[in-house]
Amino acid sequence: MNHEDPTASWARVDGGTHDRAIEENWLFTLRKERFRSRASGLAHDFFVIHLADAVHAIAITPQREVLFVRQFRAGSGRDSLEVPGGLVDPNEDPLAAAARELLEETGYEGDSPELIGTLWSNPSLVTSRTTTVVIRNARKTAEPKPDHTEELIVEKVPAADVLGLIRSGEVDHALVVAGLLWWLAEEKAGAKS
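Since the structure is predicted, the reported quantities are computational estimates derived from the model, not experimental observations. (Residues numbered from 1 in each chain as written. Predicted model: local features only at pLDDT ≥ 70, side-chain atom pairs only at ≥ 80, totals over all residues. Heavy atoms only, no water.)

Chemist: Is there a simple way to explain the packing of aromatic side chains in this structure?
Modeler: Any two aromatic rings considered together are summarised by their centre-to-centre distance and by the angle between their planes. In this structure the tally under the stated criterion is two aromatic pairs. Ring geometry for Trp-10 versus Phe-46: centroids 5.6 Å apart, planes at 90°, classification edge-to-face. With Trp-10 in strand β1 (residues 10–12) and Phe-46 in strand β4 (residues 43–51), the pair connects residues that are 36 residues apart, well separated along the chain. Of the residues examined, Phe-46 reaches a relative accessible area of 30% and is grouped as partly exposed. (Phe/Tyr/Trp six-rings, centres within 6.5 Å; stacked < 30°, edge-to-face > 60°. Helix = DSSP H or I, 4+ residues; strand = E, 2+ residues; numbered from the N terminus. Buried < 20%, exposed > 50% of the residue type's maximum accessible area, 1.4 Å probe, protein only.)

See the structure below:
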């Protein structure tokens, strides 16, 4: 769990001997971790959620439609329109995880995943990073096999309408928005070259 940068402005106190788990479950571990400022010497307890990395798959059909899933999110207490995605299994490549999640949630497969980029989900509290990939030529090859708590509705949106969904707030999951904007910027840059 200790993978901090040795050049960071704060360092773990006493090799983590003060750190302790507060909650551990199937999804995350909440830990109290003590760090000291290299500048001021101030020590402080931080609360950190250790969570697996995640992936988002921007799947584009041959008709230039982007696949979305609509699903309930307990944090917001409402349904959310998002690109398919999920947690990366231990030692799983994020590109393979994205293709797996796309197939499980939508029944679609496509070309080899292309890396868009990886972002820290919320580096002030969470160890998880989210990788966004693009999967082109997505075609339905199977029936979806979502997890038992996932009740998903698959929606196809013309690629030209994605920015409008973000602007209107219809797509408001911050990491999904970031990945989609990153993809749209690359699409625009590619069109100019």
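Chemist: Explanation requested: a nonpolar patch on the surface in the structure shown.
Modeler: Judged by side-chain polarity, Trp-26, Leu-27 and Leu-87 come together as a nonpolar surface patch covering roughly 350 Å² of accessible area. Secondary-structure assignment places Leu-27 in the loop between β2 (20–24) and β3 (28–37). (Patch = residues over 30% accessible without salt bridge, like charges linked within 9 Å, V, L, I, M, F, W, Y side chains within 5 Å. Areas by Shrake-Rupley, 256 points an atom, 1.4 Å probe, with all protein chains shown as cover. Salt bridge = Lys/Arg side-chain N within 4 Å of Asp/Glu carboxyl O.)

Chemist: What exactly am I supposed to notice about the environment of Glu-4 here?
Modeler: Considering the arrangement of structural elements, one finds Glu-4 in the segment before β1. Look at Glu-4 and you get partly exposed, because its relative accessible area is 34%. Through-space distance from the C-alpha of Glu-4 to that of Val-88 is 21 Å; in sequence the pair is 84 residues apart.

Chemist: Sorry, what's going on with the pairing of β2 here?
Modeler: Looking down a regular strand, the side chains alternate between one sheet face and the other. When β2 meets β3, the two strands line up antiparallel, connected through four bridges. If you follow Glu-23 over to β3, its bridge partner there is Leu-30. The loop that links β2 with its antiparallel partner β3 comprises three residues. (Pairing = 2+ DSSP bridges.)

Chemist: Got a minute to help me understand the sheet that holds strand β5 (residues 54–59) in this structure?
Modeler: Hydrogen bonding along the main chain pairs the strands of a sheet, whether they run parallel or antiparallel. Overall, mixed pairing links the four strands, which are arranged β8-β5-β11-β10 in an open sheet. The outermost strands of the open sheet, each flanked by one partner alone, are β8 (85–87) and β10 (114–120). Averaged over all neighbouring strand pairs, the angle between strand axes comes to 20°, with direction disregarded. (Axes fitted to C-alpha atoms, helices over the stretch in contact; angles between N-to-C directions.)

Chemist: In this structure, what is going on with the sheet that holds strand β7 (residues 78–82)? I would like to understand it.
Modeler: Taken in spatial order, the three strands of this open sheet run β7-β6-β13, and their pairing is antiparallel. Both outer strands of the open sheet, β7 and β13 (153–158), are each paired with one neighbouring strand and no more. The average undirected angle you get between the axes of adjacent strands in this sheet is 30°. Packing of helix α1 (residues 94–106) onto the sheet brings it into contact with β6 (65–73) and β13, and relative to β6 it is tilted by some 70°. (Contact = heavy atoms within 4.5 Å.)

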